[in-house]
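Understanding the architecture of this molecule
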Amino acid sequence: MLKQIENFTLSLKGRNLSAHTLRAYESDLEAFAAFMSLRNFLSVKDFTLKNIRAYLAYENIKEISRPTMLRKISALRSFAKFLANRGLIKVNPFSLFSAPRREKKLPAFLTEGEASNLMDAEISRRFHYRNKAILELLYSSGLRRSETVGLNIGDINFDEGYVRVLGKGSKERLVPVTDIALEAISNYLDTRPQAKGEEPLFLGSKGGRLSGEGLAQIVKKSAIDSRVARKVTPHSLRHSFATHLLNNGCDLKSLQEMLGHKSLAATQVYTHVSLERLKKVYNAAHPESEVKK
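In what follows, the accompanying structure is described. None of these values were measured; they are calculated from a predicted model.

Definitions and limits used
- Residues numbered from 1 in each chain as written.
- Predicted model: local features only at pLDDT ≥ 70, side-chain atom pairs only at ≥ 80, totals over all residues.
- Heavy atoms only, no water.
- Helix = DSSP H or I, 4+ residues; strand = E, 2+ residues; numbered from the N terminus.
- Buried < 20%, exposed > 50% of the residue type's maximum accessible area, 1.4 Å probe, protein only.
- Contact = heavy atoms within 4.5 Å.
- Areas by Shrake-Rupley, 256 points an atom, 1.4 Å probe, with all protein chains shown as cover.
- Phe/Tyr/Trp six-rings, centres within 6.5 Å; stacked < 30°, edge-to-face > 60°.
- Core = buried A, V, L, I, M, F, W, Y, C linked by side-chain atoms within 4.5 Å.
- Salt bridge = Lys/Arg side-chain N within 4 Å of Asp/Glu carboxyl O.
- Polar contact = N/O pair within 3.5 Å; in protein donor to acceptor, adjacent residues only side chain to side chain.
- Axes fitted to C-alpha atoms, helices over the stretch in contact; angles between N-to-C directions.
- Parallel < 35°, antiparallel > 145°, perpendicular 65-115°, else oblique.
- Left-handed = near helix turned anticlockwise from the far one by under 90°.
- Nonpolar A, V, L, I, M, F, W, Y, C, P; charged D, E, K, R; others polar.

1. Quick word on the overall build of the protein
- Within the protein one finds 13 helices and 3 strands.
- Counting across all 293 residues of the protein, residues that qualify as buried make up 40%.
- Long-range contacts, defined here as pairs at least 24 residues apart, represent 60% of the contacts in the protein between residues at least 6 apart.
- On the protein, roughly 17500 Å² of surface is accessible, and the fraction owed to carbon and sulfur atoms is 51%.

2. So, the packing of aromatic side chains
- Taken as a whole, this structure holds 9 aromatic pairs when the rule is applied.
- Where phenylalanine 32 meets phenylalanine 47, the ring centres are 5.5 Å apart and the plane angle is 85°; that geometry is what we call edge-to-face. With phenylalanine 32 in helix α2 (residues 19-38) and phenylalanine 47 in the loop between α2 and α3 (49-61), this residue pair connects regions lying 15 residues apart in the sequence. In this structure, phenylalanine 32 and phenylalanine 47 share a single accessibility class: buried.

3. Side note on the nonpolar core
- In this structure, Leu118, Leu137, Leu201, Phe202, Val232, Leu237 and Leu255 are the most contacted members of the largest nonpolar core, which totals 44 residues.
- Looking at this core, the elements with two or more residues in it are α5 (112-119), α6 (128-141), β2 (162-166), α8 (179-189), α9 (212-225), α10 (234-247) and α11 (252-259).
- Excluding residues that lie within four positions of it along the chain, leucine 201 makes contacts with Leu137, Leu151, Asn152, Ile153, Ile156, Ile185, Tyr188, Leu189 and Arg192.
- Counting 28 residues, the second-largest nonpolar core is a separate cluster that includes Ala33, Ala75, Phe79 and Leu83.

4. Looking at the pattern of salt bridges
- Inspection of the entire model under this criterion finds 12 salt bridges.
- Taking the shortest distance from any N to any O, the salt bridge between arginine 71 and aspartate 28 comes out at 2.8 Å. One end of the pair, arginine 71, is in helix α4 (residues 66-85); the other, aspartate 28, is in helix α2, with 43 residues separating them in the sequence.
- We classify aspartate 28 as buried; its relative accessible area is 3%.
- Across the pair glutamate 147 and arginine 144 runs a salt bridge whose closest N-O atoms are separated by 2.5 Å. Arginine 144 carries the same exposure label as glutamate 147, and that label is buried.

5. Overview of the side chain of arginine 192
- Mapping arginine 192 onto the fold places it in the loop between α8 and α9.
- A distance of 3.0 Å separates the side chain of arginine 192 from the backbone oxygen of proline 200, its partner in a polar contact.
- The contacts of arginine 192, once residues within four sequence positions are left out, are Ile153, Glu199, Pro200, Leu201, Phe202 and Leu203.

6. Observations regarding the packing of α3 against α4
- Interaxial distance between α3 and α4 falls to 11 Å at its minimum, and their mutual angle equals 160°. Taken together, the axes of α3 and α4 are roughly antiparallel relative to one another. α3 and α4 meet at a crossing whose hand is right-handed. Two secondary-structure elements touch here, α3 through Ile52, Tyr55, Leu56, Glu59 and Asn60 and α4 through Met69, Lys72, Ile73 and Leu76.
- Its residues assigned to classes, the contact of α3 with α4 comprises 6 nonpolar, 1 polar and 2 charged.

7. Section: the packing of α2 against α3
- The geometry of α2 relative to α3 is characterised by a closest axis approach of 11 Å and an angle of 105° between their N-to-C directions. Considered as vectors, α2 and α3 are oriented roughly perpendicular to each other. Here Asp28, Ala31, Phe32, Phe35 and Met36 of α2 come into contact with α3, specifically with Asn51, Ile52, Ala54, Tyr55 and Tyr58.
- Considering only residue class, the contact of α2 with α3 consists of 8 nonpolar, 1 polar and 1 charged.

The following block contains the structure:
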């Protein structure tokens, strides 16, 4: 079975999956293979619904989180499809398997006041201009972490006020950027007078392209320095961007294009956030509201 798992993980590298997802799938399948090996189930013919359920029950004893369990199921489901497509198993066991649904959680986001405080954070002098540019760009464009660190200088159009982004599936889109963010980026680039358009927009401390983890640490530390009383990540800034736009009148279709979502359904989660805000305003303002009484 290990050979088939190795072939499967190699096939995944040709798909548009993050390095983190690839490592997680490989680890999940190796854990499954180890479980099967201890019970002397070494062949793909032993890849049955009964054994899959036994493995998931074993994992459940460890009290792992729901998202982790769902990821393990997803890895096994993809492996089953791989085996079935190659005729290595006659029946896909997941054709009879009903997985638990993923819990729907409203995205975490900052209030407009918290976002303002974060943008005004006192940042370390050495990297002040770079970090200021990063924060302003994230909040003004809603870019994903990977999209941000993947930018080159030439992707910023200062004259027209937008950034060219290569998103999921290598799909290119143009996203508007605020004048404040453009000014912050310009100030940062002034510290790199010899920089060329094809060079990375944001550099790490060693001079190479800033990593996704490095970007996350910058956001985290800036939030602490600005005394924002919650965990802040590049993703929560993306959610803040989307929520604040909707709250201030942006239409859902335009927001979908800016976020780079394939379907409108992925963007509609933000309408729930805005609805919660509207309910609070309503309850505080309506004279017959039970909450107000």
